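Chain residues, written in single-letter form:
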Amino acid sequence: MNNVKIYSRFERFWHWTQMVLILLLMITGFEIHSTFEAFGFETSVRLHSAAGWAFLILTIFAIFWMLVTGQSKQFIPVRNNVKQQAMYYLVGIFKKAPHPVKKTVDCKLNPLQRNIYFGLIILVFPVQLITGFLYLFFHYPNKPFALEGLETVAVLHTLGAFLLVAFVIAHLYLISTGHTVTSNLQAMITGYEELDDDEKEVQVETTK
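No experiment lies behind these values; they were computed from the predicted model shown.

Draft legend 1. Summary view of the overall build of the protein chain. A count of helical and extended segments in the protein chain gives 7 helices and 2 strands. Starting at the N terminus and walking to the C terminus, you meet the elements of the protein chain as β-α-α-α-α-α-α-β-α. In the protein chain, which comprises 208 residues, the proportion classed as buried is 36%. Considering only contacts in the protein chain between residues 6 or more positions apart, those separated by 24 or more positions represent 71%. Only carbon and sulfur atoms are counted for the fraction: they give 68% of the accessible area of the protein chain, which is about 12,700 Å².

As structure tokens, this is what we get:
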């Protein structure tokens, strides 16, 4: 096993900032829907709007970074080993089966993660941003413009929110599936992760 730098400083900044913003958006969003009370309605609306703008800016910087550094290849979806990866998470890991796809410096995400993150980046995040800003500018508070059919916009935005909740729950489980229960978490904090010799040098076939 070798301690290898696998996550750059920006990747870690992006990950943790995105996490904080998503949690803030979830908490304030559900309070706006009167699910519970935390900050108060008016404060939640302001925090939700500010977090939405911050998430948009972070996303623009992240897309620019991925394109410039070539890291966008990490999120290209693949078909190979997706079923095997899902079965590993559902059954194999509890039987101490070997991981079907090894992580490498050049391939940080397994096939299932690639497809899920691609869906988030291409579909869920854009829908949330578009519907959120439509609702912000055409509905609250007392804007001079009116937009008919906001019910559909609100339903789509809420559906996206529940998808993000499901992703966060699944993500918390996936954090514990590294070499040790805490190794994935430690890697996203320090940038370093312990990889086998063949893991750090060889790119897996699923990236082709």
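Draft legend 2. Up close: the side chain of N110. Residue position: N110 is located in the loop between helix 3 (82-90) and helix 4 (111-138). Residue N110 is classed as buried on the basis of its relative accessible area of 5%. Polar contacts involving the side chain of N110 include one to the main-chain amide nitrogen of L112, which spans 3.0 Å. Excluding residues that lie within four positions of it along the chain, N110 makes contacts with Q85, Y89 and H99.

Draft legend 3. Just the environment of D106, in detail. Its location among the elements puts D106 in the loop between helix 3 and helix 4. Remark: the alpha-carbon pair of D106 and I6, spanning 100 residues in sequence, is separated by 8.7 Å.

Draft legend 4. Summary view of helix 4. With 28 residues, helix 4 extends 40 Å between its outermost C-alpha atoms, agreeing within 8% with the 40 Å of an ideal straight helix rising 1.5 Å per residue. Buried within helix 4 are the following residues: P111, Q113, R114, Y117, L120, V124, F125, Q128, L129, T131, F133 and L136. In this structure, the buried residues of helix 4 make contact with helix 1 (9-32), helix 2 (41-69), helix 3 and helix 5 (150-175). Capping of helix 4 at its N-terminal end is provided by N110; its side-chain oxygen lies 3.0 Å from the backbone amide nitrogen of L112.

Cut-off values and rules
Residues numbered from 1 in each chain as written. Predicted model: local features only at pLDDT ≥ 70, side-chain atom pairs only at ≥ 80, totals over all residues. Heavy atoms only, no water. Helix = DSSP H or I, 4+ residues; strand = E, 2+ residues; numbered from the N terminus. Buried < 20%, exposed > 50% of the residue type's maximum accessible area, 1.4 Å probe, protein only. Contact = heavy atoms within 4.5 Å. Areas by Shrake-Rupley, 256 points an atom, 1.4 Å probe, with all protein chains shown as cover. Polar contact = N/O pair within 3.5 Å; in protein donor to acceptor, adjacent residues only side chain to side chain. Expected span 1.5 Å × (residues − 1).

In short, the description is geometric, and any link to function would need to be established separately.
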